[in-house]
Amino acid sequence: MDVNAAVAAAAAIAGLLTGVIAVLTFRWSEREQARPTRSSMRPDVNAVLPPGVDTVLSVLRSSAVVLDESDSVVKASSAAYALGLVRGGKLAVEPMLHMARDTRRDGEIRQVELDLPRRGTGRGEALAVSARVAPLGSRLVLLLVEDLTEARRIEAVRRDFVANVSHELKTPTGALSLLSEAVMDASDDPEAVTRFAGRMQIEATRLTNLVQELIDLSRVQNDDPLEDAEPVRVDELVAEAMDRSRHAVSTKNITMAAGGTDGLYVWGNRGQLAAALGNLVENAVNYSPARTRVGIAGRRISAPGGDLVEIAVTDQGIGISEKDRERIFERFYRVDPARSRATGGTGLGLAIVKHVAASHGGEVTVWSSEGQGSTFTLRLPEAAASRDRSPVAAPDDDVDESADDAVGPYETTDR
């Protein structure tokens, strides 16, 4: 009996201890569940934002930032971070922060255009933005920011273009008006009439060239040259460009030399490519003194994305200063306005070359030294068909294709 009583007492004590441990464990579990964790302290964006707002903000083109009543960022798009609007969980642009606070106070929608410093450039360039603030529910504020930098740049280019066109058109039209009056007043003087009529012809030709180059520039900017693309033989482009300047070459007694690699083909619009190379050759002739030499040479060069065809046009003219080289491809920019008036230049030829090269996936570069001449190099993707074709002699019998003529002018591109 004593043994049985001892066993029963031990079992009772063990059961009591088990119950106490179970109660303590349950209480400890409840306490741990109630204790705030790092993850539970993080705001739940989907729970804070009204339903559907998060989805809408993710598809907007504008940079979006949502602020709560303490001006903390609840939601921000990647574009907002890229523009530098949000830093360290706060809105970093003070004017926008003031707008958000005013909107939170009175519920009014506000909009403003600002110029912000561009991050990471160090050149002081301004970032033009349009900011719009609106209330989002009872506690949140939505900020939408649109980047206007490119739109402003295009608008500035358009204004400059219109101003330049107006000026360029006024010059020959005004001259024609004055010359026509002079002809009427000198109707009894045959020599004066002949002289004034000759001047009228020159101004009319200048006006015609300007209108034609404006049409060409508009066409290369708006058309896709690869829609009607075809393999174009470089030898034929060179021959056509030389023929275009044949009269000026003969008048100034300039020697034309063409050479380089035969049988090259580029892929693109034949008309645009011929106009671009023709402009380069025409410029070389117009800006070269009498009894000098202009060379044209083409070759194939290797590039990471595929082989390129490089066409270099070299002259022995007046050269281009370093400050002018940075702007010569701008529309209506002239290195020497007085010489341009004498040669009938409009300042659009190199702009057309630049657009044609870019639209064909290539580029145009310039090397020049004052008093030594210039070399303009047009680089274009090679047409794959050129490797399967056998070289054919250039169709123009008047083109000099000697090795010395080909190499001499072309080497200046490496200076």
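Throughout what follows, the structure given in this document is the object of discussion.

Calculation rules
- Residues numbered from 1 in each chain as written.
- Predicted model: local features only at pLDDT ≥ 70, side-chain atom pairs only at ≥ 80, totals over all residues.
- Heavy atoms only, no water.
- Helix = DSSP H or I, 4+ residues; strand = E, 2+ residues; numbered from the N terminus.
- Contact = heavy atoms within 4.5 Å.
- Areas by Shrake-Rupley, 256 points an atom, 1.4 Å probe, with all protein chains shown as cover.
- Polar contact = N/O pair within 3.5 Å; in protein donor to acceptor, adjacent residues only side chain to side chain.
- Pairing = 2+ DSSP bridges.
- Axes fitted to C-alpha atoms, helices over the stretch in contact; angles between N-to-C directions.
- Buried < 20%, exposed > 50% of the residue type's maximum accessible area, 1.4 Å probe, protein only.
- Core = buried A, V, L, I, M, F, W, Y, C linked by side-chain atoms within 4.5 Å.
- Parallel < 35°, antiparallel > 145°, perpendicular 65-115°, else oblique.
- Left-handed = near helix turned anticlockwise from the far one by under 90°.
- Nonpolar A, V, L, I, M, F, W, Y, C, P; charged D, E, K, R; others polar.
- Salt bridge = Lys/Arg side-chain N within 4 Å of Asp/Glu carboxyl O.
- Phe/Tyr/Trp six-rings, centres within 6.5 Å; stacked < 30°, edge-to-face > 60°.
- Lys NZ or Arg CZ within 6 Å of the ring centre and 35° of its normal.

The next point concerns the overall build of the chain. Assigned secondary structure in the chain consists of 15 helices and 14 strands. When contacts within the chain are restricted to residue pairs at least 6 apart in sequence, long-range pairs at least 24 apart make up 65% of them. Total accessible area on the chain is roughly 23900 Å²; 53% of this is exposed by carbon and sulfur atoms.

Turning to the side chain of Asp324, a few remarks are in order. With respect to the helices, strands and loops of the structure, Asp324 is situated in helix H12 (residues 322-325). At 2.8 Å, the side chain of Asp324 forms a polar contact with the side chain of Ser321.

With that settled, consider the sheet that holds strand S2 (residues 73-76). Read across the sheet, 5 strands follow the order S2-S1-S7-S6-S5 without closing on themselves; strand pairing throughout is antiparallel. Each edge of the open sheet carries a strand with a single partner, namely S2 and strand S5 (110-117). Along the sheet, successive strands turn relative to each other by an average axial angle of 25°, direction set aside. In terms of strand pairing, strand S1 (residues 63-67) meets S2 through 3 bridges, oriented antiparallel. Paired with Val65 across the strands is Ala76, a residue of S2.

For a regular strand, side-chain orientation follows a simple rule: the groups alternate between the two sheet faces. Among the 7 residues that make up strand S12 (residues 308-314), 6 are buried, leaving the element largely enclosed by the rest of the structure. Across 7 bridges, the pairing between strand S11 (residues 293-301) and S12 is antiparallel. Following the sheet pairing, Ile296 is matched in S12 by Val313. Joining the antiparallel neighbours S11 and S12 is a turn of 6 residues, in which Gly306 adopts a positive phi near 135°.

If you look at the biggest cluster of nonpolar residues, it comprises 44 residues, and the most contacted ones within it are Met256, Val266, Ile296 and Val313. Where this core is concerned, the elements lending two or more residues are helix H8 (190-222), helix H9 (234-244), strand S9 (255-260), helix H11 (270-286), S11, S12, helix H14 (349-359) and strand S14 (373-381). For this core, the element with the most residues is H11, which contributes 8 residues. Ignoring sequence-local partners within four residues, the contact set of Val266 consists of Glu230, Pro231, Val232, Val234, Leu237, Leu273, Val309, Leu380, Pro381 and Ala383. Leu97, Leu116, Ala131 and Val133 belong to the second-largest nonpolar core, a separate cluster that totals 23 residues.

Helix packing geometry: the angle between the two helix axes and the distance between the axes. For the pair H11 and H14, the least separation of the axes is 9 Å and the interaxial angle reads 140°. What the angle tells us is that H11 and H14 run oblique. The crossing of H11 and H14 is left-handed. Every residue of H14 that contacts H11 at Gln272, Leu273, Ala276, Asn279, Leu280 and Asn283 is listed here: Gly349, Leu350, Ile352, Val353, Val356 and Ser359. Class assignment of the residues belonging to the contact of H11 with H14 gives a composition of 7 nonpolar, 5 polar and no charged.

Looking now at the pattern of salt bridges. In total, this model carries 20 salt bridges according to the counting rule given. Between Arg104 and Asp71 there is a salt bridge, with its nearest N and O atoms 2.9 Å apart. Separated by 33 residues along the polypeptide, Arg104 in helix H6 (residues 94-106) and Asp71 in the loop between S1 and S2 bring together distant segments of the chain.

Attention shifts here to the sheet that holds S9. Read from one edge to the other, the open sheet built from 5 strands follows the order S9-S11-S12-S14-S13, with strand pairing classed as mixed. Bordering the open sheet on either side are S9 and strand S13 (363-369), each of which pairs with just one other strand. The mean inter-strand angle of the sheet, taken between neighbouring strand axes irrespective of direction, is 15°. Across 7 bridges, the pairing between S12 and S14 is antiparallel. Bridging across to S14, Glu310 finds its partner in Arg379. Sheet strands in contact with H9 are S9, S11 and S12, and its direction is about 175° off that of S9. Here H11 sits on the sheet and contacts S9, S11, S12 and S14; the angle it forms with S12, its principal contact strand, is near 25°.

Taken N-terminus to C-terminus, the directions of H9 and H11 make an angle of 50°; their axes are 8 Å apart at the nearest point. Considered as vectors, H9 and H11 are oriented oblique to each other. In this structure, the crossing between H9 and H11 has a hand that is right-handed. Contact residues: Glu236, Leu237, Val238, Glu240, Ala241 and Arg244 in H9; Arg270, Leu273, Ala274, Ala275, Leu277, Gly278, Asn279, Val281 and Glu282 in H11. Taken together, the residues that form the contact of H9 with H11 break down as 8 nonpolar, 2 polar and 5 charged.

This brings us to the packing of aromatic side chains. Tallied over the full model, the rule gives 1 aromatic pair. Arranged with centres 6.3 Å apart and planes meeting at 80°, the rings of Phe329 and Phe376 form a pair that is edge-to-face. Residue Phe329 is located in the loop between H12 and helix H13 (337-343), and its partner Phe376 is located in strand S14; the two are separated by 47 residues in the primary sequence. One cation-aromatic arrangement involves Arg195 over Phe196; the distance from NZ or CZ to the ring centre is 5.1 Å.

Another point: H14. The periodicity of an α-helix, 3.6 residues per turn, causes residues three or four positions apart to be oriented the same way. For H14, the set of buried residues is Gly349, Leu350, Ala351, Ile352, Val353, Val356 and Ala357. Two residues or fewer past H14, Gly361 is found with a positive phi of approximately 80°.

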